[in-house]
Amino acid sequence: MGDLYRISSADRYANGDPSNFQVLVPDSMLGRRNFELISCSIPLNIYNVSSSNNTISYNDGSDRLVTVSPGYYSITGLLSALVTAMNALGGATFSAVYNDTTKLTTITGSLPYFFNLTQASPLLESLGWVLIGGTTATSTSQVSTLAPVLWPLDLYIQVEQLGTSEIESTGNRSYSYEIPIITSNGQINQISKDQIGTQKITINSMNSRNWNVRLVDFRMRQVAMFSDWNFTLSVS
């Protein structure tokens with residue numbers, strides 16, 4: 001094992017967000033090539049609806065963009081907040097039901113309407129719709145394709161200066177380290193080497209003390225983090 005270094009959002013000197021910050025690492029890291037994740041500690045007081053995934057675009061005869069306030073929601077709480085916000089926009093009146101057996105969501109309007117399946121509707125993706133572009137068929141009832149994903153199974157660390165893990169990289173899901181979530185919201189997700197497995201990045205040579213660090217979900221969206229967190233690397 002190499003030398004151990006703890007990287008903490010509490011030591012950030014730029015970008016005040018614990019989910020997206022810059023930190024100055026020690027001089028002794030310069031010239032090193034191997035960076036293996038050893039442990040990670042993340043307090044899970046994060047929002048599952050943030051400013052990056054809280055809008056839905058739809059048309060009930062007029063183009064509308066509904067926004068839900070960021071926060072931590074259960075599926076029923078989120079649907080309640082969503083239809084309240086949609087009804088406040090005027091036009092059609094909406095209701096929503098989550099089927100605990102099929103795990104699908106149905107949103108019903110008093111008028112025919114359609115959802116825009118584009119990046120203008122990131123909240124739809126969390127609710128189980130697939131953002132394939134275009135629109136859903138016009139109907140008074142829209143049913144999700146998949147089960148909702150309101151709580152991530154994993155979080156991901158992106159360190160710009162380390163690049164992408166040699167083991168874990170698919171398509172546009174580019175990250176340095178994967179962090180499994182083994183506890184629930186409001187608790188500390190304390191991950192050890194046994195739970196992390198082997199996650200090691202090898203580069204030509206570390207040539208910067210200024211590290212840019214982001215904490216993202218499985219869609220590579222920055223999470224809304226409100227407490228400091230840290231991870232430990234073995235460096236050689």
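The structure presented is a predicted model; accordingly, all values stated were derived computationally and were not measured.

S.K.: Describe the overall build of the protein, with residues and values.
M.R.: Broken down by element type, the protein carries three helices and 17 strands. Considered along the principal axes of its C-alpha atoms, the protein spans approximately 65 × 30 × 30 Å. Across the 236 residues in the protein, those meeting the buried criterion constitute 48%. Restricting to contacts in the protein with at least 6 residues of sequence separation, those with at least 24 account for 66%. Charged side chains of the protein number 13 positive and 17 negative; the gap between the two group centres comes to 2 Å.

S.K.: Go over the environment of Asn 212 with me, naming the residues and quoting the values.
M.R.: With respect to the helices, strands and loops of the structure, Asn 212 is situated in strand 16 (residues 210-216). Taking the C-alpha atoms as reference points, Asn 212 and Leu 162, separated by 50 residues in sequence, lie 9.5 Å from one another. Here Gln 22 takes part through its side chain, which lies 3.0 Å from a polar atom of the side chain of Asn 212. A distance of 3.0 Å separates the side chain of Asn 212 from the side chain of Glu 160, its partner in a polar contact.

S.K.: With reference to specific residues and values, describe the pairing of strand 7 (residues 94-99).
M.R.: Pairing of strand 7 with strand 8 (residues 104-115) involves six bridges; the strand directions are antiparallel. Within strand 8, the residue paired with Val 97 across the bridge is Thr 106. Taken together, strand 7 and the strand that follows it, strand 8, pair antiparallel across an intervening segment of four residues, in which Lys 103 is found at a positive phi of about 65 degrees.

S.K.: So, the nonpolar core: which residues are in play, and what are the values?
M.R.: Counting residues in each nonpolar core, the largest one holds 33 residues, and the members touching the most others are Phe 35, Ile 157, Trp 211, Trp 229 and Phe 231. Among the secondary structure elements, those contributing two or more residues to this core are strand 1 (3-8), strand 3 (20-24), strand 4 (34-43), strand 10 (154-159), strand 13 (177-180), strand 16 and strand 17 (230-235). It is strand 4 that provides the largest number of residues to this core, a total of four residues. In contact with Trp 211, other than residues within four places in its own chain, are Ile 7, Phe 21, Gln 22, Val 23, Val 25, Met 29, Phe 35, Val 159, Gln 161, Leu 162, Met 206 and Leu 233. In this structure, Tyr 73, Val 83, Tyr 113 and Leu 127 belong to the second largest nonpolar core, which totals 25 residues.

S.K.: Could you give an account of the pattern of salt bridges, with specific residues and numbers?
M.R.: By the definition in use, this model includes six salt bridges. Residues Lys 103 and Asp 100 are paired through a salt bridge, measuring 3.3 Å at the closest nitrogen-oxygen approach. On the basis of relative accessible area, Lys 103 is assigned to the partly exposed category, the value being 34%.

S.K.: Explain the side chain of Asp 154 residue by residue, including any values.
M.R.: With respect to the helices, strands and loops of the structure, Asp 154 is situated in strand 10. Residues within four places of Asp 154 in sequence aside, it is in contact with Glu 178, Ile 179, Pro 180, Ile 181 and Phe 218.

S.K.: An account of the environment of Ser 74 is needed here, citing residue identities and associated values.
M.R.: Relative to the assigned elements, Ser 74 resides in the loop between strand 6 (63-67) and helix 1 (75-88). Considered as a pair, Ser 74 and Thr 198 are 124 residues apart in the sequence and their alpha carbons are 33 Å apart. Separated by 3.3 Å, the side chains of Ser 74 and Thr 76 make a polar contact.

Parameters and conventions
Residues numbered from 1 in each chain as written. Predicted model: local features only at pLDDT ≥ 70, side-chain atom pairs only at ≥ 80, totals over all residues. Heavy atoms only, no water. Helix = DSSP H or I, 4+ residues; strand = E, 2+ residues; numbered from the N terminus. Buried < 20%, exposed > 50% of the residue type's maximum accessible area, 1.4 Å probe, protein only. Contact = heavy atoms within 4.5 Å. Lys, Arg positive; Asp, Glu negative; His and termini not counted. Charge placed at Lys NZ, Arg CZ, Asp CG, Glu CD. Polar contact = N/O pair within 3.5 Å; in protein donor to acceptor, adjacent residues only side chain to side chain. Pairing = 2+ DSSP bridges. Core = buried A, V, L, I, M, F, W, Y, C linked by side-chain atoms within 4.5 Å. Salt bridge = Lys/Arg side-chain N within 4 Å of Asp/Glu carboxyl O.

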